[in-house]
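Here is what each chain is made of, one letter per residue.
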Amino acid sequence: MMEFWAALALSLLLGALLALLFAAVSRKNGGTEQPDQNRPQTAAAPPEESSVKAPSSKKLKQQQRKEKLQQHTFSHPLLASSLKSHSGSVTCLDFSSNGKYLASCADDRTVRIWSTKDFLDREHKCLRANVELDHATLVRFSPDTRAFITWLANGETIRIFKMTKKEDGTFSFKAAPEDFPQRHKGIVINIGIAETGKFIMTASVDTTILIWDLKGEVLASINTNQMTNSYAAVSPCGRFVASCGFTPDVKVWEVCFAKTGEFKEVTRAFDLKGHSAGVYSFDFSNDSRRMATVSRDGTWKLWDTDVEYKQQQDPYLLRTVPCQVSEGSRIALSPDGRAVAVSSGRDVAVYSAVSGQLEEEFHSVHSEDITDLRFDVNNRFLVCSGDRAIRVFHNITGYRAAVQDMQALLKKATNDGVRQRLQQQLLDAKKALDALLSAQKS
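Residues numbered from 1 in each chain as written. Predicted model: local features only at pLDDT ≥ 70, side-chain atom pairs only at ≥ 80, totals over all residues. Heavy atoms only, no water.

This part covers the sheet that holds strand 21 (residues 316–322). Spatially, 4 strands are ordered 18-19-20-21 in an open sheet, and the strand pairing comes out antiparallel. At either margin of the open sheet sits one strand with a lone partner, and together these are strand 18 (279–284) and strand 21. Averaged over neighbouring strand pairs, the angle between their axes works out to 20° when direction is ignored. (Pairing = 2+ DSSP bridges. Helix = DSSP H or I, 4+ residues; strand = E, 2+ residues; numbered from the N terminus. Axes fitted to C-alpha atoms, helices over the stretch in contact; angles between N-to-C directions.)

On to the packing of aromatic side chains, then. Taken as a whole and judged by the stated rule, the model has 15 aromatic pairs. Between Phe-74 and Phe-393, the ring centres sit 6.1 Å apart and the planes meet at 80°, which makes this aromatic pair edge-to-face. Of this pair, Phe-74 sits in the loop between helix 2 (57–71) and strand 1 (79–83) while Phe-393 sits in strand 28 (residues 390–394), placing them 319 residues apart in sequence. Residue Phe-74 is classed as buried on the basis of its relative accessible area of 16%. Assessed through its relative accessible area of 1%, Phe-393 is described here as buried. Here Tyr-231 and Phe-282 contribute two aromatic rings whose centre-to-centre distance is 5.1 Å and whose plane-to-plane angle is 75°, an arrangement assigned as edge-to-face. In this pair, Tyr-231 is assigned in strand 14 (residues 229–234) and Phe-282 in strand 18, connecting sequence segments 51 residues apart. (Phe/Tyr/Trp six-rings, centres within 6.5 Å; stacked < 30°, edge-to-face > 60°. Buried < 20%, exposed > 50% of the residue type's maximum accessible area, 1.4 Å probe, protein only.)

Further remarks concern the sheet that holds strand 5 (residues 126–130). Strands sit in the order 2-3-4-5 across an open sheet of 4 strands; the sheet is antiparallel. Either end of the sheet is taken by a strand with one partner, and the two such strands are strand 2 (90–95) and strand 5. Put simply, the sheet's adjacent strands are angled 20° from each other on average, direction ignored. Both strand 2 and strand 3 (residues 101–106) contribute to a ladder of 5 bridges, which runs antiparallel. What sits directly across from Asp-94, in strand 3, is Ala-103.

Here's what the structure looks like:
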């Protein structure tokens with residue numbers, strides 16, 4: 001009898017050990033490990049017959065949900081929120097001119113519209129527009145926020161979506177009956193709509209920029225003569241189109257219209273000359289009087305572009321600051337011109353545009369290289385994309401600069417009404433800054 005119980009205990013112990021060994025091997029071989037996008041893919045072995053059952057759909061969904069949560073893991077005291085509704089990599093971001101909405105597009109065949117007033121909430125709802133039989137790589141709001149345009153990855157053209165506001169405050173989306181005709185031969189790197197609503201710009205890597213009317217007719221074609229284009233954009237004032245690329249210069253053109261509204265011509269305005277190597281990207285301040293550029297020479301530069309170029313006046317170089325860069329680095333200049341953000345791979349550095357001082361660094365913000373980087377129009381937030389998530393940071397650098405500017409204005413103010421208004425604004429700005437600094441220390 002004793003031998004029976006001893007044998008039974010031994011068999012149970014061996015069974016437990018085998019179970020633990022099996023679990024450990026399963027965990028090591030992949031349980032919840034994230035796939036490495038850079039790992040070389042080997043040919044799949046032919047399937048072998050097995051009596052082991054495939055995981056149920058419920059377990060598979062739980063595993064996918066767990067992997068998705070792991071991919072989005074990132075934290076920082078200045079992180080205001082992470083927007084997570086896309087199931088594919090986010091490629092482009094754009095704020096509406098009224099500051100109320102953020103548009104994002106991804107390779108999951110959707111465009112999402114987010115409300116900026118929800119950025120500080122725990123939950124972030126969004127509206128979804130489906131891109132039928134294709135996916136958008138670029139998205140831009142119309143000036144009146146009643147439509148947005150997208151660049152189609154497979155169709156290689158522009159598709160316009162109209163936004164109709166419903167009684168509950170949400171929007172419905174409807175694609176235009178026809179897409180724009182195909183005109184580009186190279187990969188399109190950016191699109192834009194003039195704030196005046198007079199034209200649309202598309203730019204491709206093969207040095208071509210096209211100026212379109214809103215009906216899909218090409219008004220002008222620009223050859224940038226830069227060997228390759230790396231970035232192009234329309235200025236916030238709606239007058240200028242600029243591009244950068246292999247050469248160390250940024251070229252700027254004015255798109256001219258007659259007083260009657262008819263298109264006249266595209267004329268060369270001015271160049272930004274000073275970098276010693278190709279320029280990755282650039283950005284404008286909201287009034288188009290400042291520009292920031294980042295180059296493969298390892299610097300970013302700030303320029304005064306409020307010049308009379310028709311009188312042969314050149315832009316002024318205000319500042320040159322060394323920075324970390326990598327292929328495809330992006331630069332963002334806050335609308336008020338007080339802060340500059342530069343991406344390098346998966347990292348973001350934020351500088352004071354006033355002093356050039358490095359103030360904040362965010363490391364490994366995304367699991368992939370950053371694809372877009374922008375300040376919101378009210379200078380409160382800095383957003384970036386690089387994987388399925390959109391990171392929203394507090395613009396603490398902008399708050400600091402605003403406090404300093406208001407202190408300087410307060411010293412010069414002589415009118416009592418102006419002084420009282422500045423004192424209240426300064427108090428509000430200091431409270432906001434103190435709250436962010438407290439969160440950062442904790």
